[in-house]
Amino acid sequence: MKRIVAAEKLFTGTDWLMNHAMILEEDQVQSIVPIVSLNEKPEQIYPYIIPALIDLQIYGAGGQLLSVFPTEEALTLLQEYCIKGGAAWFQPTVATNSHEVIHACIDAVRKFQEQPGNRCIGLHVEGPWINPEKRGAHLSEYIYQPNKEQVASLLEYGKDVITMITLAPEIVSSDLVDFIQSRGIVVSAGHSNADYQTATKAFNQGIRTATHLYNAMSPLQHRAPGMVGAIFNHPMVNCSIVPDGYHVDFEAIEIAKKQLGERLFAITDAVTETHTGPYPHQLNGDKYEANGILSGSALTMLACMQKLHWHANIELGEAIRMCSFYPARVILKENISGMLKPGQKADWIALDAQLSCIKAAE
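These notes cover the structure that comes with them. (Residues numbered from 1 in each chain as written. Predicted model: local features only at pLDDT ≥ 70, side-chain atom pairs only at ≥ 80, totals over all residues. Heavy atoms only, no water.)

### A word on the overall build of the protein
Put simply, the rule is: Secondary structure elements are defined from DSSP: runs of H or I of at least 4 residues count as helices, runs of E of at least 2 residues count as strands, and each element is numbered from the N terminus. For this measure, only C-alpha atoms enter the radius of gyration; the expected value for a globule follows 2.2 Å times N^0.38, where N is the number of residues. Exposed residues in this analysis have more than 50% of their type's maximum accessible area, buried residues have under 20%, and partly exposed residues fall in between, with area computed by a 1.4 Å probe over protein chains only. In this analysis, two residues are considered to be in contact whenever any of their non-hydrogen atoms come within 4.5 Å of each other. Reported accessibility uses the Shrake-Rupley method at a 1.4 Å probe radius. Residues are deemed covered only where the shown protein chains occlude them. Charged residues are defined narrowly, with Lys and Arg counted positive, Asp and Glu counted negative, and His plus the chain ends left uncounted. Working definition for charges: the position is that of NZ of Lys, CZ of Arg, CG of Asp or CD of Glu.
Along the backbone of the protein there are 10 helices and 19 strands. Taking 362 residues into account, the globule formula puts the C-alpha radius of gyration at 21 Å, and the protein, at 20 Å, falls close to it. For the C-alpha atoms alone, the extent of the protein along its principal axes is close to 65 × 45 × 40 Å. Each of the 362 residues in the protein was classed as buried or not, and the buried ones make up 58%. Pairs at least 24 residues apart make up 69% of the contacts formed inside the protein by residues separated by at least 6 positions. For the protein, the accessible area works out to roughly 14800 Å², and carbon and sulfur atoms hold 50% of it. In the protein, 27 side chains carry a positive charge and 39 a negative one; their mean positions are 4 Å apart.

### Some thoughts on the nonpolar core
Using the following cut-off: To form a nonpolar core, buried Ala, Val, Leu, Ile, Met, Phe, Trp, Tyr and Cys residues must be joined to one another through side-chain atoms within 4.5 Å.
Ranked by size, the top nonpolar core spans 100 residues in total, and within it Leu 56, Leu 123, Ile 165, Ile 180, Leu 213, Ile 231 and Met 305 carry the most contacts. The element that contributes the greatest number of residues to this core is helix α2 (residues 99–112), accounting for 7 residues. Core analysis: the second largest hydrophobic core is formed by 13 residues, Val 5, Leu 10, Leu 340 and Trp 348 among them.

### As for the pairing of strand β9 (residues 123–126)
Applicable threshold: At least two DSSP bridges between two strands are required for those strands to pair. Look down the strands so they point away from you; if the path from the first strand over the helix to the second goes clockwise, the crossover is right-handed.
Where burial is concerned, the two faces of β9 agree: the one with Leu 123 and Val 125 and the one with His 124 and Glu 126 are both buried. Note that strand β8 (residues 87–95) and β9 share 3 bridges and pair parallel. Residue Ala 95 lies in a different strand from β9, and its bridge partner there is Glu 126. Remark: the β8/α2/β9 crossover connection has right-handed handedness. Both β9 and strand β10 (residues 162–167) contribute to a ladder of 4 bridges, which runs parallel. When the bridges of β10 are listed, Leu 123 appears paired with Ile 162. As for the winding sense of the linkage, the β-α-β connection from β9 through helix α3 (residues 148–157) to β10 is right-handed.

### Describing helix α7 (residues 250–260)
Our working rule: What the arc measures is the spread of directions leading from the helix axis to the C-beta atoms. Counted as a polar contact is a pair of N or O atoms within 3.5 Å, where, for protein atoms, one must be capable of donating a hydrogen and the other of accepting one, and residues adjacent in sequence contribute only when both atoms are in side chains.
Among all positions of α7, only Phe 250, Ala 252, Ile 253, Ala 256, Lys 257 and Leu 260 are buried. Looking straight down α7, one finds its buried side chains confined to an arc of 145°; they lie on one side. Buried residues in α7 make contact with α6 (226–233), β13 (238–241), β14 (264–266), α8 (301–310), α9 (316–322) and α10 (325–331). One side-chain oxygen at the N-terminal end of α7 lies 3.0 Å from the backbone nitrogen of Glu 251; it belongs to Asp 249. Directly after α7, the chain includes Gly 261, whose backbone phi takes a positive value near 55°.

### So, the packing of aromatic side chains
Worth spelling out the cut-off: Note on aromatic contacts: the rings of Phe and Tyr and the six-membered ring of Trp form a pair at centre separations within 6.5 Å, being stacked when their planes are under 30 degrees apart, edge-to-face when over 60 apart, and tilted otherwise. The criterion is that NZ of a Lys, or CZ of an Arg, lies within 6 Å of the ring centre and within 35 degrees of the ring normal, and then a charge sits over that ring.
This model, assessed by the stated rule, comprises 6 aromatic pairs. Pairing Phe 90 with Phe 112 gives two aromatic rings, centres 6.4 Å apart and planes at 65°, and the pair type is edge-to-face. Taken together, the residues span a long stretch of sequence, with Phe 90 in strand β8 and Phe 112 in helix α2 at a distance of 22 residues. We note that Phe 90, like Phe 112, is buried. Here the aromatic residues Phe 11, Trp 16 and Tyr 48 are joined through ring pairs into a cluster of three or more. Between the NZ or CZ atom of Lys 148 and the centre of the ring of Phe 179, over which it lies, the distance is 4.6 Å. When the ring centre of Tyr 246 is taken as reference, the NZ or CZ atom of Lys 287 above it lies at 4.8 Å.

### Points about the sheet that holds strand β12 (residues 209–210)
How we decide: Lines fitted to C-alpha atoms define the axes, with helix axes restricted to the stretch in contact, and inter-axis angles between N-to-C directions lie between 0 and 180 degrees.
Within the open sheet, the 8 strands sit side by side as β5-β8-β9-β10-β11-β12-β13-β14. Their pairing is parallel. Both edges of this open sheet fall to β5 (53–58) and β14, since each of them pairs with a single strand only. Where α7 meets the sheet, its contacts fall on β13 and β14, and the angle it forms with β14 comes to roughly 135°.

### What about the sheet that holds strand β17 (residues 293–297)?
In space, the 3 strands of this open sheet follow the order β15-β16-β17, with antiparallel pairing throughout. Two strands close off the open sheet at either side, each with one partner strand: β15 (282–284) and β17. Pairs of neighbouring strands in the sheet enclose a mean axial angle of 45°, with direction left out of account. Across 3 bridges, the pairing between β15 and strand β16 (residues 287–290) is antiparallel. Residue pairing across strands places Asn 284 opposite Lys 287, the latter belonging to β16.

### Some points on the environment of Ser 153
Secondary-structure assignment places Ser 153 in helix α3. Since its relative accessible area comes to 44%, Ser 153 is described here as partly exposed.

### Notes on the packing of helix α5 (residues 196–204) against α6
What counts, and what does not: Orientation labels follow simple angle bins: below 35 degrees gives roughly parallel, above 145 gives roughly antiparallel, 65 to 115 gives roughly perpendicular, and whatever is left gives oblique. Left-handed describes a crossing in which the near helix is turned anticlockwise from the far one by less than a right angle; the clockwise case is right-handed. In this count, Pro and Cys sit with the nonpolar residues alongside Ala, Val, Leu, Ile, Met, Phe, Trp and Tyr, while Asp, Glu, Lys and Arg are called charged and the others, Gly among them, polar.
Axis separation between α5 and α6 bottoms out at 8 Å; the angle between their running directions is 40°. On the basis of the axis angle, α5 is oblique to α6. Taken as a pair, α5 and α6 cross one another with a handedness that is right-handed. Of α6, the residues touching α5 (which contributes Tyr 196, Ala 199, Thr 200 and Phe 203) are Gly 226, Met 227, Gly 229, Ala 230, Ile 231 and Asn 233. Grouping the amino acids of the contact of α5 with α6 by side-chain chemistry returns 6 nonpolar, 4 polar and no charged.

### Structural notes on the pattern of salt bridges
Inclusion rule: The term salt bridge refers to a pairing of a side-chain nitrogen on Lys or Arg with a carboxyl oxygen on Asp or Glu at a separation within 4 Å.
Tallied over the entire structure, the rule returns 10 salt bridges. Lys 345 is the salt-bridge partner of Asp 347, the closest N and O atoms lying 3.2 Å from each other. Each member of the pair Asp 347 and Lys 345 is classed as buried. Via salt bridges that share partners, Arg 3, Glu 43, Lys 359 and Glu 362 belong to a single interconnected network.

See below:
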């Protein structure tokens, strides 16, 4: 089925095109042409068309935290929240927890991914192989240093479901990191107290991603540059950031952007209110806390894009890339490009002049 949609400003992921139309066939972009060249009228001309956004770290929505409600229903609510918030793809995340809970989350994601039209990338397991000194809101009773058998057991159970694991490189040996990566899983360094040398060595040995810059990692100090300094200085490491103004000050995002350039991407790190389970997230203003500790955001990916542009002074196209193309480049999944180009999957959203979403991904 052929469709034509158009925009006053269409962003392909690389270029801004003024008064252009996108011709779609089934779910593919066939071509992008000037509106004046069309032989038929587009179904609508929007103020903006941009690539749909991608969230690589989100824990639950609609009052159903995945770790508490490891069900297809919870993932349906999460997908609806993500799509409404401008995302076409999401990676549900389970924080440090018991083996039973992590396995239940794997089961839920596996079943959900069998549904036609689902937008779930896979499962992000954040912990439990982290440094207890940088656990943040994670529960210390579930944190441990794994051996080969424990890692192999989790990877076997989560085969084709686990797509990312956040771990502390000083806790997990480089051999085990290599083993995890050999299974096609993205390893992200986070919740880590590694010093600069240890973090740099881990990055040199193949870890290419880090989790929520500044938060739950050894800080940049003038005599101890820590993991933050190692991320800044390494030419290949990508890093996520939570741009809500609580997890990270917007001026600190500006500093990070100048250091990292295209290597910095956004995540929501969003949770939902829950009164059961080990993570009792409570909404406090427009952020969440668990046991009095900052535990998650109330962001959507569209809000990430807006805040990066409005409050961190990042050019709009670059803010869009930080929420679409750069996460796609990290996760490396077929048909998830974060761009609008002929021959690629047509994951797009439309915005009004105030950058609010008026047409979500389909």
